[in-house]
There are 2 protein chains.
Amino acid sequence: VASAVRSVADVGEFGLIERVARLARRVGGGVALGIGDDAALLRLRAGELAAVSTDALVDGVHFRLDQETPRVAGARAAAAALSDLAAMGARPLGLTSALTTPGELPLETALGLHRGLVALAARHACPLVGGNVARSPTLSLTLTAVGAVGRDRVLRRAGARPGDRILVTGTLGGSALARASGRVRRVAEPRLAAGRALAGGRLATACIDVSDGLLADLGHLCEASGVGAELDATRVPRPRGFAAACRRLGADPDRLALAGGEDYELLFTAPARGPDAEALSQRLRTRVSEIGTVRERGLRVRGAAPQGALGWLHF
Amino acid sequence: VASAVRSVADVGEFGLIERVARLARRVGGGVALGIGDDAALLRLRAGELAAVSTDALVDGVHFRLDQETPRVAGARAAAAALSDLAAMGARPLGLTSALTTPGELPLETALGLHRGLVALAARHACPLVGGNVARSPTLSLTLTAVGAVGRDRVLRRAGARPGDRILVTGTLGGSALARASGRVRRVAEPRLAAGRALAGGRLATACIDVSDGLLADLGHLCEASGVGAELDATRVPRPRGFAAACRRLGADPDRLALAGGEDYELLFTAPARGPDAEALSQRLRTRVSEIGTVRERGLRVRGAAPQGALGWLHF
């Protein structure tokens, strides 16, 4: 019995690429040549470096299509890729997608993933400029983001010095809460504008995006900088109504806020004397909170329930 | 019973990334920042565009580890990615890898894939600058190549005009013959130097690399250029001893040479009046053969056995 739902196999590799290419709206002026040739061509300005980052999402591991729509999964993939550019202070130039897919995947699922990623990336003036489709027993989506950053305006993980303040944009824990609830409807936006403002104003000594979770990413930043940190869990900003929602779900709010991940906020360090969180909020045009201090070594978390902190502080 | 062979799961995602990063020798002067931050940073020269291309290989579809070593499979992945840069006339700046892998994959297999890709890319002065490791039931390797090309020196698929000669570097069919024999030991090298010579000398009106097979890729070039072509199959260059080897395997030599794929030679068009194949061989420092002529429309192949030609000329 033939299925009424068209599959990826029904239109073939080239048919799918053609349909994806139609979704790839041209946004931003950085594209000299988009989908359709052997490579895409992107324009940089004088004095800029190209920034490149690759992320993969695998079905059943990084997304579950019974808990989120293909559009949301595709948007999450784009957010993860663009967030890496934000963390470097780069402006996005283009995104390539590599889809591996079973032939029986509904065509609408493959297109939905791409609609989601194209829509999120378009909000940050980043076009889809190329890609690849390959048959595989496992559905996965690998995105590579290419951006540009002034060579003397780069944000890096290395650079934090003892005494620096630790700050973070926005709020943490919202993505983890949505996943814990089993329904992911909205995707955290990558902080591209904030990253460029930080880099342009030379406001940060080091920066990373919060993708693995605040504590894990703070660990990465400290390791790259050769320093330690002291964090005040009570000052970690959380979304409105977060504590109540965690109670309803029986979830540990500290765990979700400090180790949840996929927040796509920017975690950065700044000199002890410099614009305070209030002034930085104005410069970055978004909420900024001071949550701790860079130390010589070690990683200490104050103000979190010991059983929670010790339970997942495994690094 | 614990296995004596260490697996990817035994060292974890970060352990594998650390080991891959150690393989990633720094070659070429284009890397401002390599593996270890949120994005790699690459240096372009004034007047250059960034060229970006993504390719994925899936285990069981694009490679089979019972027929080739992980090193050969990794090298093939790198050749495919870099060949796309060659076809644009670009010089390579860096490569990112995204591995999806079952936890039980032997660690040596994951490292072998990366050793193979790093070694091939290093021969073309292209470093591995970043990547991603993700758990998946299916082993796959997605590579993104980033290069640079002078903005007025770009080779494109579009640009061929009726009357242009059709030329190709090297020989065709060797990769398909190796696959047909069930043993792939060597990998075709991408034609990066030839691509740059073609672009630098403005010698080609259009160009594509032969990855899908001569006829399929000629079809892509003609479609992008809005032209047709007439090909002389008897002039398509084949490796030494090719006919005899095909006979031993019972393989159709025309089929392997004209539709085999993964040759990674450059197929290009050049004005009717201009350097002949002999002169072009000297300019590109590699064999160049004239194999046909660009026509207004259609695709005609002369000199191939009709049953062979009709059997696979399905586009």
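Below or above, wherever it landed, is the structure these notes cover. These numbers come from a predicted model, not from an experiment. (Residues numbered from 1 in each chain as written. Chains lettered and ligands numbered in written order. Predicted model: local features only at pLDDT ≥ 70, side-chain atom pairs only at ≥ 80, totals over all residues. Heavy atoms only, no water.)

## What about the sheet that holds strand 12 (residues 299-302) of chain B?
Residue and element names in this part refer to chain B.
Working step 1: As summarised here, the arrangement of the 6 strands in space is 8-10-7-11-9-12, forming an open sheet in which the pairing is mixed. Each having just a single partner strand, strand 8 (206-209) and strand 12 make up the two edges of the open sheet. Mean inter-strand twist for the sheet, computed between neighbouring axes without regard to direction, equals 25°.
Working step 2: As judged from the 5 bridges shared by strand 7 (residues 165-169) and strand 11 (residues 288-295), these two strands associate in the antiparallel manner. Note that in strand 11 the partner of I166 across the bridge is G292. (Pairing = 2+ DSSP bridges. Helix = DSSP H or I, 4+ residues; strand = E, 2+ residues; numbered from the N terminus. Axes fitted to C-alpha atoms, helices over the stretch in contact; angles between N-to-C directions.)

## Focus on the relation of the copies chain B and chain A
Working step 1: Mapping chain B onto chain A calls for a screw motion: a turn of 180° about the axis and a shift of 0.0 Å along it, with 0.0 Å RMSD after fitting. The transformation relating the two chain copies, once decomposed into turn and shift, fits a two-fold axis. (Least-squares fit on C-alpha atoms with pLDDT ≥ 70 in both.)

## Observations regarding helix 6 (residues 214-225) of chain B
All names here are of chain B.
Working step 1: For helix 6, with 12 residues, the first-to-last C-alpha span of 16 Å sits near the 16 Å given by 1.5 Å per residue.
Working step 2: The buried count for helix 6 comes to 9 of 12 residues, which makes it a mostly enclosed element.
Working step 3: All buried positions along helix 6 are accounted for by L214, L215, D217, L218, G219, H220, L221, C222 and S225.
Working step 4: Just downstream of helix 6 lies G226, where phi reads positive at about 70°. (Expected span 1.5 Å × (residues − 1). Buried < 20%, exposed > 50% of the residue type's maximum accessible area, 1.4 Å probe, protein only.)

## Regarding helix 7 (residues 242-249) of chain B
All names here are of chain B.
Working step 1: Within the sequence span of helix 7, burial applies to F242, A245 and C246. Down the axis, helix 7 shows its buried residues gathered within 100° of arc, on one side only. Turned more than 90 degrees from where helix 7 packs its buried face, R247 and R248 sit exposed.
Working step 2: Buried residues along helix 7 sit in contact with helix 4 (174-180) and helix 8 (253-259).
Working step 3: Looking one or two residues beyond helix 7, the residue adopting positive phi is G250, at roughly 70°. (Arc of directions from axis to C-beta. Contact = heavy atoms within 4.5 Å.)

## Regarding the pairing of strand 11 (residues 288-295) of chain A
Working step 1: As judged from the 4 bridges shared by strand 9 (residues 228-232) of chain A and strand 11 of chain A, these two strands associate in the antiparallel manner. Opposite A:L231, over in strand 11 of chain A, you have A:G292 as the bridge partner.

## So, the sheet that holds strand 9 of chain A
Residue and element names in this part refer to chain A.
Working step 1: Overall, mixed pairing links the 6 strands, which are arranged 8-10-7-11-9-12 in an open sheet. Both outer strands of the open sheet, strand 8 (206-209) and strand 12 (299-302), are each paired with one neighbouring strand and no more. The sheet shows a mean angle of 25° between the axes of neighbouring strands, direction not considered.
Working step 2: The pairing of strand 9 with strand 12 spans 4 bridges and is parallel. For D232, the partnering residue across the bridge sits in strand 12 and is R302.
Working step 3: In the packing of helix 2 (residues 70-88) onto the sheet, the strands contacted are strand 8 and strand 10 (266-270), and the crossing angle to strand 8 comes to about 170°.
Working step 4: Contacts from helix 9 (residues 277-284) reach strand 7 (165-169), strand 10 and strand 11 within the one sheet, and its direction differs from that of strand 11 by about 120°.

## Quick notes on the environment of B:P253
Residues and elements named next belong to chain B.
Working step 1: By the element assignment, P253 lies in helix 8.
Working step 2: A residue is classified by how much of its surface remains accessible, and P253, at 27% relative accessible area, is partly exposed.
Working step 3: Not counting chain neighbours up to four residues away, the residues in contact with P253 comprise R238, F242 and C246.

## Remarks on the interface of chain B and chain A
Working step 1: Of the residues lining the interface, 49 residues belong to chain B; the matching set on chain A comes to 49 residues.
Working step 2: In total, chain B and chain A occlude about 3800 Å² of area from one another, counting both sides; carbon and sulfur atoms represent 61% of this.
Working step 3: The largest per-residue losses of area from chain B upon contact with chain A belong to B:D38, B:L41 and B:V52, which jointly make up 17% of the total buried on that side.
Working step 4: For the pair chain B and chain A, the interface holds 6 salt bridges.
Working step 5: With its nearest N and O atoms 3.7 Å apart, the salt bridge here joins A:R156 to B:D37.
Working step 6: At the surface where chain B touches chain A, the tally comes to 14 residue pairs in polar contact (both at pLDDT 80 or more).
Working step 7: Taken together, the elements giving at least two residues each to the side of chain B that touches chain A come down to strand 1 (31-33), strand 2 (40-43), strand 3 (48-58), helix 2 (70-88), strand 4 (91-101), strand 5 (128-135), strand 6 (140-150) and strand 8 of chain B.
Working step 8: By residue number, the principal contributor to the side of chain B that touches chain A is strand 3 of chain B, which donates 9 residues.
Working step 9: Looking at the side of chain B that touches chain A residue by residue, the classes come out as 26 nonpolar, 13 polar and 10 charged. (Buried area = accessible area lost by both parts, 1.4 Å probe. Salt bridge = Lys/Arg side-chain N within 4 Å of Asp/Glu carboxyl O. Polar contact = N/O pair within 3.5 Å; in protein donor to acceptor, adjacent residues only side chain to side chain. Nonpolar A, V, L, I, M, F, W, Y, C, P; charged D, E, K, R; others polar.)

## A word on the side chain of B:R91
Residues and elements named next belong to chain B.
Working step 1: Here R91 shows up in strand 4.
Working step 2: A residue is classified by how much of its surface remains accessible, and R91, at 11% relative accessible area, is buried.
Working step 3: Among the polar contacts made by the side chain of R91, one reaches the side chain of E48 at a distance of 2.9 Å.
Working step 4: The contacts of R91, once residues within four sequence positions are left out, are R43, L44, R45, E48, G147, A148 and R196.

## Examining empty space enclosed by the protein
All names here are of chain B.
Working step 1: All told, the structure shown has 2 cavities of 30 Å³ or more when counted by the stated rule.
Working step 2: Its volume calculated, the largest cavity comes out at about 60 Å³.
Working step 3: In terms of residues, the lining of the largest cavity owes the most to one element, helix 4, which gives 3 residues.
Working step 4: The residue makeup of the lining of the largest cavity, split by class, is 5 nonpolar, 1 polar and 4 charged. (1 Å grid on protein atoms, 1.4 Å probe; cavity = no way out; pocket = protein on both sides within 12 Å on 5 of 7 lines; lining within 4 Å. Points joined across faces, edges and corners; volume = space filled by probe spheres on them.)

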